[in-house]
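Remarks on the overall topology
Chain by chain, the residues run as shown.
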Amino acid sequence: MVRGCRTVVIPESTRPERLKDINNWRPITIGSILLRLFSRVMTARLAKACPLSPRQRGFIRAAGCSENLKLLQILIRHTKREHRELGVVFVDISKAFDTVSHQHILMGLAQKGVDPHITNLVKNMYENTYTRITTKVADTQDIQMKVGVKQGGPISPLLFNLVMDPLLCKLEECGKGFRKGGNTVTAMAFADDLVLLSDSWEGMKRNIKILEAFCELTGLKTQGEKCHGFYIKPTTDSYTINDCPAWTVNGTPLNVIDPGCSEKYLGLQIDPLIYSLRNKQLVDALRRMKTGCFSAAITCLFSAPWLCWWNSLEAQHALLGFCWLPMGSSCQDVAQNKI
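Residues numbered from 1 in each chain as written. Predicted model: local features only at pLDDT ≥ 70, side-chain atom pairs only at ≥ 80, totals over all residues. Heavy atoms only, no water.

For clarity, the cut-off: UniProt positions are given in the numbering used here, feature names are shortened, and annotations may be inferred rather than shown by experiment.
The protein chain is annotated in an unreviewed UniProt entry as ribonuclease H from Willisornis vidua. You can read under Sequence similarities (unreviewed entry) in the UniProt record for the protein chain the words "Belongs to the beta type-B retroviral polymerase family. HERV class-II K(HML-2) pol subfamily."

**A few points about the overall build of the protein chain**
Which entries qualify depends on this criterion: Only DSSP runs of H or I with at least four residues qualify as helices, and only runs of E with at least two residues qualify as strands; both kinds are numbered from the N terminus onward. Any two residues having at least one pair of non-hydrogen atoms within 4.5 Å are treated as being in contact. Residue burial considers only the protein chains on display, and all accessible areas are found by Shrake-Rupley using a 1.4 Å probe.
Broken down by element type, the protein chain carries 13 helices and 18 strands. At a minimum sequence separation of 6, the contacts of the protein chain that also span at least 24 residues come to 67%. Accessible surface for the protein chain amounts to roughly 18000 Å². Of this, 56% is attributable to carbon and sulfur atoms.

**Focus: the sheet that holds strand β5 (residues 130–133)**
Let me state the cut-off plainly: At least two bridges found by DSSP between two strands are what make those strands a pair.
Taken in spatial order, the 4 strands make up an open sheet running β2-β1-β5-β6, and their pairing is mixed. On the outer flanks of this sheet lie β2 (25–30) and β6 (143–144), each paired with one strand and no other. Here β5 runs beside β6; their pairing, made up of 2 bridges, is antiparallel. Bridge pairing in β6 places T131 opposite I143.

**A few points about the packing of helix α5 (residues 102–111) against helix α7 (residues 156–174)**
This is how the line gets drawn: The angle between two axes is taken between their N-to-C directions and runs from 0 to 180 degrees, where each axis is a line fitted to C-alpha atoms and a helix contributes only its stretch in contact. With respect to orientation, any angle under 35 degrees is reported as roughly parallel, any angle over 145 as roughly antiparallel, any angle of 65 to 115 as roughly perpendicular, and every other angle as oblique. Only Asp, Glu, Lys and Arg are considered charged, only Ala, Val, Leu, Ile, Met, Phe, Trp, Tyr, Cys and Pro nonpolar, and every remaining residue, Gly among them, polar.
Between α5 and α7, the least distance of the axes is 9 Å, while the angle of their chain directions is 75°. Relative to α7, the element α5 lies roughly perpendicular. Every residue of α7 that contacts α5 at H104, I105, L109 and Q111 is listed here: L159, L162, V163 and P166. Among the residues making up the contact of α5 with α7, the classes are represented as 6 nonpolar, 2 polar and no charged.

**A few points about α7**
The condition that has to hold: The span one expects for a helix is its residue count, reduced by one, times 1.5 Å. Fitting one axis to the seven residues ending at a residue and another to the seven starting there, the bend at that residue is the angle between the two axes. Categorising residues by exposure relies on relative accessible area from a 1.4 Å probe, with only protein chains included: less than 20% of the type maximum marks a residue as buried, more than 50% marks it as exposed, and the intermediate range marks it as partly exposed.
With 19 residues, α7 ought to run about 27 Å at 1.5 Å a step, and its terminal C-alpha atoms sit 28 Å apart, in line with that. Along its length, α7 shows its largest kink, about 35°, at M164, and proline P166 lies within four residues downstream of that point. If you check which residues of α7 are buried, you get S156, L158, L159, F160, N161, L162, V163, M164, D165, L167, L168 and L171.

**Some remarks on empty space enclosed by the protein**
Quick note on the threshold: The definitions used throughout rest on a 1 Å grid laid over the protein atoms alone, on which a cavity is an enclosed set of points accommodating a 1.4 Å probe that cannot get out and a pocket is an open set flanked by protein within 12 Å on both sides along at least five of seven lines; lining residues are those having an atom within 4 Å of a point. Grid points are joined across faces, edges and corners, and a volume is the space filled by probe spheres set on the points.
Here the structure, examined in full by the defined rule, presents 1 cavity of 30 Å³ or more. Looking at the largest cavity, its volume works out to about 90 Å³. In this structure, the largest cavity is lined by 15 residues; those nearest its centre are L35, S39, K150, G153 and P154. The set of elements that each furnish at least two residues to the lining of the largest cavity consists of β2, α2 (33–49) and α6 (116–126). Of the residues assigned to the lining of the largest cavity, the class counts are 6 nonpolar, 7 polar and 2 charged.

**Some remarks on the environment of S32**
Examined against the element boundaries, S32 turns out to sit in the loop between β2 and α2. Look at S32 and you get buried, because its relative accessible area is 17%. Between the C-alpha atom of S32 and that of R6, which follows or precedes it by 26 residues, the distance is 8.5 Å.

**What to know about the pattern of salt bridges**
Stated formally: By salt bridge we mean one thing: a side-chain nitrogen of Lys or Arg within 4 Å of a carboxyl oxygen of Asp or Glu.
Evaluated as defined, the whole model comprises 11 salt bridges. Across the pair E17 and R15 runs a salt bridge whose closest N-O atoms are separated by 3.0 Å. A single network of salt bridges, built from pairs that share partners, joins R84, K176, R179 and D199.

**A few points about the nonpolar core**
Defined as follows: As used in this record, nonpolar core signifies buried Ala, Val, Leu, Ile, Met, Phe, Trp, Tyr and Cys residues forming a set joined through side-chain atoms within 4.5 Å.
Membership of the largest hydrophobic core comes to 46 residues, with the highest contact counts inside it found for L194 and L196. Among the elements that make up this core, the one with the highest residue count is α7 (9 residues). When near neighbours in sequence (up to four residues on either side) are disregarded, L194 contacts V89, F90, V91, L167, L168, A187, M188, A189 and L211. In terms of nonpolar packing, the next biggest core, distinct from the first, is built from 21 residues, L86, M188, L197 and I257 among them.

**Topic: the layout of surface pockets**
Roughly 1500 Å³ of volume is contained in the largest pocket. Lining the largest pocket are 48 residues, with E12, R26, K95, A96 and D98 sitting closest to its centre. Taken together, the residues of the lining of the largest pocket break down into 21 nonpolar, 14 polar and 13 charged.

**Describing the packing of aromatic side chains**
For any two aromatic rings, the description comes down to two numbers: the centre-to-centre distance and the angle of the planes. The condition that has to hold: Two aromatic rings from Phe, Tyr or Trp, using only the six-membered ring of Trp, form a pair when their centres are within 6.5 Å; if the ring planes differ by under 30 degrees the pair is stacked, by over 60 it is edge-to-face, and anything between is tilted.
Scanning the entire structure with this criterion turns up 5 aromatic pairs. Each ring, one from F59 and one from F97, has its centre 6.1 Å from the other, and the planes form 75°; the classification is edge-to-face. Residue F59 is found in the loop between α2 and α3 (64–82), and its partner F97 is found in helix α4 (residues 96–99); the two are separated by 38 residues along the sequence. By relative accessible area, F59 is classed as partly exposed at 45%. Between F90 and Y265, the ring centres sit 5.5 Å apart and the planes meet at 45°, which makes this aromatic pair tilted.

Set out below in structure tokens:
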């Protein structure tokens, strides 16, 4: 009974045509109440015994999203201001929580020097476990859980962070990151949302090789066609975007983010030209404020996609910076930092 779990699947979309694809459903697995209470106690103790890389900002008591977004913004602005090179790759790890190897979890605990008794307890929690998927009609037959962590278990976030920690440490130790002062940033992570950084094209290629080797050892998978990136390179009086060959992940070229395009990271659109302030909707709204059309500006700004962003500190800075735009300024002028 203790080893048995119950799984429900939650739709990620309300569109009927998308619900026909199993990839648009997210499983949530809940174990027995006794095992969850025990996991909660284990999590509290393991968190103190297993310090993680400071580059991991997911599942911790910190403003992880805003910290990573702000750091990325600072690096992009510093690159342009100091005329330096910067490579950024957004890594897509396919079904990371569902495919991580149990053996690698145990290896991660051993590398942290966790007492063998505690490691065996974690091992026992994942041995011979099974789940049943609850549907409208009936429950399925028992499904053995041989890989992955239980999405819904109290200890699962910590175990997943322990799985990703060797990669972050290896990147900081052997990778080629972006140097600023006496510090180097090679990667940023928010759970399985991983960003690789480097100040040279060859350096990013080296970081990707480390990522590929890690995935091969752990059973995780990355797909080049689902990874995105861009490369900023200075010229005499300006800079170029993606004036280089595309990097490859497992032999597949990744998607380059061209000027004027963007990639979503932690809820915000990242544009290599101007970070998160490229949307014409924002510029138009602020210009309407300037001309006295406050009702139209409020309607524009407080539409659903902007609500989360508008409450951020970055939005307040944007308002102060853009309220005095020249009347003839275009969105492209803003994107190219001409004003």
